[in-house]
Protein chains: 2
Amino acid sequence: MSQPFATIAIVGLGLIGSSIARAVRQALPDTRILGYDRSGDVCARAQALDLCDGYHAEFGPELAEAQMVILCVPVGAMAVAATAMEPHLSAQTIISDVGSCKASVLTALRSALPQAVIVPAHPVAGTENSGPESGFASLFKGRWCILTPDDRADVEACGKVAAFWQALGANVETMDAAHHDLVLAVTSHLPHLIAYTIVGTASDLEGVTQSEVIKYSAGGFRDFTRIAASDPVMWRDVFLSNKDAVLEMLQRFSEDLSALQRAIRWDKGDELEALFTRTRAIRRSIIEQGQDDAKPDFGRTHQ
Amino acid sequence: MSQPFATIAIVGLGLIGSSIARAVRQALPDTRILGYDRSGDVCARAQALDLCDGYHAEFGPELAEAQMVILCVPVGAMAVAATAMEPHLSAQTIISDVGSCKASVLTALRSALPQAVIVPAHPVAGTENSGPESGFASLFKGRWCILTPDDRADVEACGKVAAFWQALGANVETMDAAHHDLVLAVTSHLPHLIAYTIVGTASDLEGVTQSEVIKYSAGGFRDFTRIAASDPVMWRDVFLSNKDAVLEMLQRFSEDLSALQRAIRWDKGDELEALFTRTRAIRRSIIEQGQDDAKPDFGRTHQ
C-alpha cells in the first residue's frame, strides 16, 4: 500500500497513540513517526518500546515536517495542545484527532487553529488499559473509524486521512459531528456511564461487603467492571464535552428502566420475557457483523 | 477423588445441566448420570452428545436410584418439577438445585417435598448461551458455588453436596438464603437488568438506526449485549422470584445514576473523576482473585 503521509506526528502516546504508532510501523513501515507527550516519563517509556522515530515533551520546529498531526489526548485537552503546536505547524499540515466527541473538538480546534486543514476522526476501538505499554498494532483491524469533516474540510485531505485509517485495517465512515455525537452517546458514552455507576453502587452497599461483590462477580457484574476501569480523565472529559447527547440518552434509559422496574413490581412476566427475547437478536447481529467475538463469554479463558 | 454419589439425576439439560454432566464425566467418571428434560428434543440432543447414562422426558421409578437430584430448570419451574418427581423419590435422596435465587426456591421445594433432604446450591457461573450443546466441563473451575441450607438441612448431606461441587472444580461457600439473594441481586441480577434495559433503549431510538448501533458497538455497548443475550425465561423468573432485593438494588442504582447525571449537567468534573478512579480498583481486585481474565478486553481476539 502506498503511504498517505511521509511523516506523521502523534500527540499523546497512551493506549490509542501508541497503538497507532505500532500499526503504522507494521502497515506503513516507511512512514516517519514523530512522538509527542507532555510527560517526559511517557516519552521515555515509548522510546524504550521503540514506538516512534523521535520523542518530544514539547512542540518544536520539527513539527513542521509532519503532513498529518493526530491528537490522541483527552478531549478536554485538545484546545491546549492545539494552541501549543500552532507556532510550529506548516500551513499544509492536516490536523486530525481520535477524540470520542466530535462537535466540541471541532470547535476547539477551529478556535485554536483558524487557518488549519482539520479532519476530525474517531476510531471506535480501545481497551480498558492506559499508557504506551497497553497499545497493540491490531487494535483498529475490522473496527470502524468515523470521520466528521465540516463544510470547510478539504476533500483531498479527507481522502488521505481515510486512506491512512484503511491502511491500519479500519473501515472508514463519514458523518456529521452532531450525528456522530448522538450515535456514540448510545453506543459508547451511556454504556460507560452506566458501568461506572453500577460499580460505584456495588461498592457502597452496607449489607453486602466489597469482598462478596468481588467473589461473586462472575454472575454478570464483572462484565461492567472492564469498561469502568477505563481512563478516568478521558471519560470525565467525554461526558462534559458531549453533555447534551449524553443527558438525552440517560433520560431515555432511565424511563426504560422505570418501565422495567414497574413490570417487576407488578409481576408482568410477559413484558419482561418479550424484552429479553428482543435483545438477544442484537447480540447476534453484532457477532455476524464481526464487531464482537463469536466465542461464548467474549472468548474468556475457561480453565 | 472418591465420588460423593454413585448415581445423580440432572433435571434440565441446558447450559448448566449439561455442563454439570460433562464436568462429572471428567472429574467423577464412575458416577452414573440420569438425565431428565421435559423436552424430548433436548433429551435427544443430550443423547447425541453422550452426556448422561440415561435420558428421560418424564420421571419414573429409576429416579429412586439417584442419591442426589439437581434441578437445573428456571427458578419459576422448580415447584412443578419437584411435584412431578415426588412420587418417584427415595426418602434418602438429596434434593439440590442451581437456581439464581435461593429463598423462593427453598420455599417452593419445601412446599412440594415437605419430607425431603434439601440442600440448595448456586454455582455462580454461566455464559450467554443456552441448550445442551453450549455446556462445557470447565465452566465451574475456580468459580464459587454457594450453598444455602436452612436450619432443617442435614449436615452430612451438605458436606456431600459441597464435596460434589469441589470435585467439579468450584470453591464452596455457605450463607443463608436471604443474604445470598441480596448479594446476587447486586453481582448478577441488577447487571442483567441494566444490560437488558440499555440494549432495549439503544434499539428504540428514532435518531440513530439499529445498524449504526451494531456498527459502532465496539465503543462499549457490545459488552452489555452479551449478558442481554442470556436465556429470557430464566431471567424473567429470576427478577420475579427475587423481586424485593432486585427492586432495592435498582433503587440505589437509580439514585446513584441521578447523582452522576446532575454532576454532568453542572460540570462537576472532579466528582466524575473521583468516581471513575475508585471503580478502577474494583476491576483490579476481581482479576487478582481470579474471577476474570487478566488479558485486556476480556481476552477477546484482536486480529
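Residues numbered from 1 in each chain as written. Chains lettered and ligands numbered in written order. Predicted model: local features only at pLDDT ≥ 70, side-chain atom pairs only at ≥ 80, totals over all residues. Heavy atoms only, no water.

Novice: Looking at this model, I keep getting lost on the overall build of chain A. Mind explaining?
Specialist: The helix and strand inventory of chain A stands at 11 helices and 9 strands. On C-alpha atoms alone, chain A measures out to a radius of gyration of 21 Å, which is about the 19 Å that the 2.2 N^0.38 rule sets for 303 residues. Overall, the C-alpha framework of chain A stretches about 65 × 45 × 35 Å when taken along its three principal axes. Across the 303 residues of chain A, 61% fall into the buried class. For chain A, restricting intrachain contacts to residue pairs at least 6 apart in sequence, the fraction spanning at least 24 positions comes to 74%. Carbon together with sulfur atoms contributes 50% to the accessible area of chain A, which is approximately 11200 Å² in total. For chain A, the distance from the average position of its 26 positive side-chain charges to the average position of its 37 negative side-chain charges is 5 Å. (Helix = DSSP H or I, 4+ residues; strand = E, 2+ residues; numbered from the N terminus. Rg over C-alpha atoms; globule rule 2.2 N^0.38 Å. Buried < 20%, exposed > 50% of the residue type's maximum accessible area, 1.4 Å probe, protein only. Contact = heavy atoms within 4.5 Å. Areas by Shrake-Rupley, 256 points an atom, 1.4 Å probe, with all protein chains shown as cover. Lys, Arg positive; Asp, Glu negative; His and termini not counted. Charge placed at Lys NZ, Arg CZ, Asp CG, Glu CD.)

Novice: Which parts of the structure should I look at to understand the sheet that holds strand E7 (residues 121-123) of chain B?
Specialist: Strand pairing within a sheet occurs via backbone hydrogen bonds; the two strands may be parallel or antiparallel. Residues and elements named next belong to chain B. Ordered in space as E7-E8-E9, the 3 strands form an open sheet in which the pairing is mixed. Each end of this open sheet is capped by a strand with a single partner; those strands are E7 and strand E9 (171-174). The sheet shows a mean angle of 20° between the axes of neighbouring strands, taken without regard to direction. The strands that helix H5 (residues 155-167) touches are E7, strand E8 (144-147) and E9; relative to E8, the one it contacts most, it runs at about 170°. (Pairing = 2+ DSSP bridges. Axes fitted to C-alpha atoms, helices over the stretch in contact; angles between N-to-C directions.)

Novice: Looking at this structure, how should I read the sheet that holds strand E5 (residues 94-97) of chain B?
Specialist: Residues and elements named next belong to chain B. Taken together, 6 strands build an open sheet; the order of strands is E3-E2-E1-E4-E5-E6 and the sheet is parallel. In this open sheet, the two edge strands, each paired with only one partner strand, are strand E3 (54-56) and strand E6 (117-118). Where E5 meets E6, 2 bridges bridge the pair, whose relative direction is parallel. Bridging from a neighbouring strand, isoleucine 95 pairs with isoleucine 118 of E6. Against the sheet, helix H1 (residues 15-27) touches strand E1 (7-11), strand E2 (32-36) and strand E4 (68-71), its axis set at about 160° to E1. This element, H5, spans E1, E4, E5 and E6 of the sheet and lies at about 45° to E5.

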